[in-house]
Amino acid sequence: MKQRLTIIALLIFAFGTVMADDVKFTASAPRQVIAGQQFNIVYTLKNGDGSDLKVPDFKGMDLLYGPGKSRSSQFSIINGRTTSTTEESYTYTLTAKEAGTFTIAAATITSSGKQYTSNTLTIKVLPPDSNAQQGATQNNAPSVSSGQGTDDKTFARIILSKTNVYEQEGILATIKIYTKAAGIRSLESATFPSFDGFVVQDIPIQNPQVELEHYSGENYSVVVIKRALLYPQRSGKITIDPGKFEVAVQVIRPVRGLFGMMQGYEDINKRIQTQTATVNVKPLPSGKPASYANAVGNFTIASAINTLTPKTNEAVTLKIKIKGKGNLKYIKDPQVDFPADFEVYDPKTDLNINTTLSGVEGTRTIEYTAIPRSAGEFDIPAVQFSYFDVAAGKYKTLQTQAYRLNVAKGKDSGGGQVSDYTSKEELKMLNEDIRYIKNGEFELQQSPQPFFGTWRYWLAYLIPVIIFAAYVIINRRQAKENANVKLMKTRRANKVAAKRLKTAGKYLKEHNRELFYSEVLKAVWGYLSDKLMLPVSELNRDNIASELHKYGTSDEVASMFIDILNICEFAQYAPSQSDEAMDKLYDDTVEAIGKMESTKRNNKQQ
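Residues numbered from 1 in each chain as written. Predicted model: local features only at pLDDT ≥ 70, side-chain atom pairs only at ≥ 80, totals over all residues. Heavy atoms only, no water.

Focus: the overall build of the protein
Regarding its fold elements, the protein presents 7 helices and 33 strands. Taken over 606 residues, the protein has a buried fraction of 38%. Here the analysis covers contacts within the protein between residues at least 6 apart in sequence; of these, 72% occur between residues at least 24 apart. Looking at the protein as shown, the accessible area adds up to about 36400 Å², and 51% of this sits on carbon and sulfur atoms. (Helix = DSSP H or I, 4+ residues; strand = E, 2+ residues; numbered from the N terminus. Buried < 20%, exposed > 50% of the residue type's maximum accessible area, 1.4 Å probe, protein only. Contact = heavy atoms within 4.5 Å. Areas by Shrake-Rupley, 256 points an atom, 1.4 Å probe, with all protein chains shown as cover.)

Pasting the structure below:
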């Protein structure tokens, strides 16, 4: 009796610790099949005891046999907790009659008195090879030349979504590997196209899958190894050079076995390359609006301000949000005309984008911060933003709302200043006309010798006049130079480049290859744009050497800059570079900018 109670207690404890997951009912099938070949649709009930299975009509397909039912169980103990999982599988074997895309409706099953519904399935049926007899197989592999024991064909293609586009219009580039072998094993080495003339934005590929594709009358096993969005930076015909790859594929080899000749598998390496591709890039139409921001796509714009009634010395934040689909990452931030009495800071830009096969979409949020230094009424005019709409083939201009601010006097404005609410140049100082009467004891002193007419008297007049004249000359020259935007950009080019190179140095220490090369590339393009007084959009590798020679740069320095640009752009697609290569590139960039600065000083001396 005591032994029986112990067994019952153990059973209760065991069943109490066994935890089953939720009941699930799913359907699975290949995404692509070949017409005339057999394939399976499998319905799986997890953690349930199924009955009354109802499957839909398999339109466009012939049911060969099924359902074949199987059941499996699995137990596991983790941290003292026992879990169990059961699976019931119902397999239907079918064959597709003809090519096309078919949708299989959901199936239903009953478990423990509750009905469960599976997911629907979409199956793409490919036509059979035009030059081969298609046999019914279980694994849906494309036909191979098994008689020779080797793969029939293995090659690579680059596929462009468009070949006739405008400047800055996005193109989806896809590189695929095709094979008639039994399978694709691995990518041994890869040299991707350099994509000269394009700005490239890679689309990550998560868990690349081998699929079937019908191409030129035959079915191939296909895997995608690269996807990227290309933004052409100049007009005309741009040629994309071939990518070169070494891929390991699995082929069928005849082997001698115990019962005669049998089929075996062997891995072999194949060297392949993509074809050369050409893109015809049309220039953007003339008549660009003044507010054109290098944007191509379809966008909307909105703005918001944190307050309309700030106080002096309190920050005013204006946010502009550009939303849409296009080259959001590469557009210029709109200009905001704050009043002259406001101290304006550099804007902060935040990107929230999603890169898909159809392009880049999302939002670009620009936050402008300014501080009013005097009280009064001020207007922030509407901000204009222009872009080129590819679908409409014309420029479109959007604008935000205008804002009127009533700035009140703040606590830290200072008691000695009174504003007439016009501008900060018209301020009057008070408490300066009446002085305090000096109290207490004081000593009388004999009057000094007459100062009038002496050389010190005239010198006291002459020195302020000279100082004032020098101040006026220097101030006018400085104002003239400040008004010359191109000259100011030229002077600050080295500082901006040094700041970006400092950031690149940080990425170098972190061994962040992608961000390092991107930051060096931005630093060099920005420096050359400011130094040569040309927009980045007008600079490319075709004209950079001639522009540097016009500036007076030697062939050596020009060659250094071109090599740096080539290395940076190539490194974004090539396999990982060594730390020594990154160190050398950093040193070469600093040396090239230093020689460019020396060239400028030598020109001035001459």
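Brief notes about the packing of helix α5 (residues 544–551) against helix α6 (residues 555–571)
Put simply, α5 and α6 touch, their axes get as near as 10 Å, and they point 145 degrees apart. Crossing hand, α5 versus α6: right-handed. Within the contact between the two elements, α5 uses Ile544, Ala545, Leu548 and His549 and α6 uses Asp555, Ala558, Phe561 and Ile562. (Axes fitted to C-alpha atoms, helices over the stretch in contact; angles between N-to-C directions. Left-handed = near helix turned anticlockwise from the far one by under 90°.)

Structural notes on the sheet that holds strand β22 (residues 277–282)
Pairing is mixed in the open sheet, where 3 strands are placed in the order β13-β22-β19. In this open sheet, the two edge strands, each paired with only one partner strand, are β13 (164–166) and β19 (236–240). The sheet shows a mean angle of 35 degrees between the axes of neighbouring strands, direction not considered. Judged from the 3 bridges that link them, β13 and β22 form a sheet pairing that is parallel. Across the sheet, the residue bridging to asparagine 164 is asparagine 280, located in β22. (Pairing = 2+ DSSP bridges.)

A short note on the pairing of strand β29 (residues 384–389)
A regular strand places its side chains so that they alternate between the two faces of the sheet. With respect to burial, β29 is a largely interior element, 5 of its 6 residues being buried. Of the pairings in the sheet, the one linking strand β23 (residues 292–305) to β29 comprises 3 bridges and is parallel in character. Bridged to alanine 295 within β29 is tyrosine 387. Pairing of β29 with strand β30 (residues 394–399) involves 6 bridges; the strand directions are antiparallel. Of the residues in β30, the one forming a bridge with phenylalanine 388 is tyrosine 395. Counting the residues between successive antiparallel strands, the hairpin from β29 to β30 contains 4 residues, one of them, glycine 393, with a positive phi of roughly 70 degrees.

Considerations on the environment of glutamine 74
By secondary structure assignment, the location of glutamine 74 is in strand β6 (residues 61–78). On the accessibility criterion, glutamine 74 (55% relative accessible area) is exposed. Sequence separation of glutamine 74 and threonine 85 is 11 residues, and the distance between their C-alpha atoms is 5.1 Å. For glutamine 74, the residues in contact, after removing those within four places along its chain, are Thr83, Ser84 and Thr85.

Regarding the nonpolar core
Counting 32 residues, the largest nonpolar core has Phe516, Val520, Leu528, Leu532, Leu548 and Phe561 as its most contacted members. Contributing elements (two or more residues each) for this core: α3 (485–509), α4 (513–532), α5, α6 and α7 (579–605). Counting residues per element, this core draws most heavily on α4, which supplies 10 residues. Dropping the residues within four chain positions of it, phenylalanine 516 is found in contact with Ala504, Tyr507, Leu508, Met582, Leu585 and Tyr586. (Core = buried A, V, L, I, M, F, W, Y, C linked by side-chain atoms within 4.5 Å.)

Regarding the UniProt feature "transmembrane region" (unreviewed entry) in the protein
Within this structure's numbering, the places UniProt gives as "transmembrane region" (unreviewed entry) are residues 455–474. Taken end to end, residues 455–474 comprises 100% helix and 0% strand; its first and last C-alpha atoms sit 28 Å apart. (UniProt positions renumbered as here; feature names shortened; annotations may be inferred.)

A look at α5
Taken as a whole, α5 has its buried residues at Ile544, Glu547 and Leu548. All buried residues of α5 fall inside an arc of 100 degrees around its axis, so they share one side. Remark: glycine 552 follows α5 within two positions and exhibits a positive phi of approximately 110 degrees. (Arc of directions from axis to C-beta.)

Considering α6
Taking 1.5 Å of rise per residue, 17 residues should cover 24 Å, and α6 covers 24 Å from first to last C-alpha, within 8% of that figure. For α6, the complete set of buried residues consists of Val557, Ala558, Met560, Phe561, Ile564, Leu565, Cys568, Glu569 and Ala571. (Expected span 1.5 Å × (residues − 1).)

Some points on the pairing of strand β17 (residues 211–215)
Here β17 runs beside strand β18 (residues 218–232); their pairing, made up of 5 bridges, is antiparallel. Residue pairing in the sheet places tyrosine 215 in a bridge with glutamate 218 of β18. Linking β17 to β18, which pair antiparallel, is a turn of 2 residues; within it serine 216 sits at a positive phi near 55 degrees.

Quick word on the confidence of the model for the protein
Confidence in the prediction of the protein, expressed as mean pLDDT, is 80, and 80% of residues score 70 or more. This stretch, residues 5–20, has a pLDDT under 50; its non-local contacts, to residues over four places away or in other chains, come to 9 contacts. Long-range and interchain partners of residues 601–606, a stretch whose pLDDT sits below 50, account for 2 contacts in this model, where long-range means more than four residues apart. (pLDDT = per-residue confidence, 0-100.)

Topic: the packing of α4 against α6
Their axes nearest at 9 Å, the elements α4 and α6 cross at an angle of 145 degrees. Considering the relative orientation of α4 and α6, their crossing is left-handed. Contact residues: α4 offers Arg513, Tyr517, Val520, Leu521, Val524, Trp525, Tyr527 and Leu528, while α6 offers Phe561, Ile564, Leu565, Ile567, Cys568, Glu569 and Ala571. Across the contact of α4 with α6, the residue classes break down as 13 nonpolar, no polar and 2 charged. (Nonpolar A, V, L, I, M, F, W, Y, C, P; charged D, E, K, R; others polar.)

So, the environment of glycine 68
Among the structural elements, glycine 68 can be located in strand β6. Linking glycine 68 and serine 89, residues 21 residues apart in sequence, is a C-alpha distance of 7.8 Å.

Thoughts on the packing of aromatic side chains
Inspection of the entire model under this criterion finds 20 aromatic pairs. Relative to tyrosine 215, the ring of tyrosine 178 has its centre 5.5 Å away and its plane inclined at 45 degrees; by these criteria the two rings are tilted. Of this pair, tyrosine 178 sits in strand β14 (residues 171–179) while tyrosine 215 sits in strand β17, placing them 37 residues apart in sequence. Ring pairs connect the aromatic residues Phe25, Tyr43, Phe58 and Tyr92, which therefore count as one cluster. Taking the ring centre of phenylalanine 192 as reference, the NZ or CZ of lysine 226 above it sits at 5.0 Å. (Phe/Tyr/Trp six-rings, centres within 6.5 Å; stacked < 30°, edge-to-face > 60°. Lys NZ or Arg CZ within 6 Å of the ring centre and 35° of its normal.)

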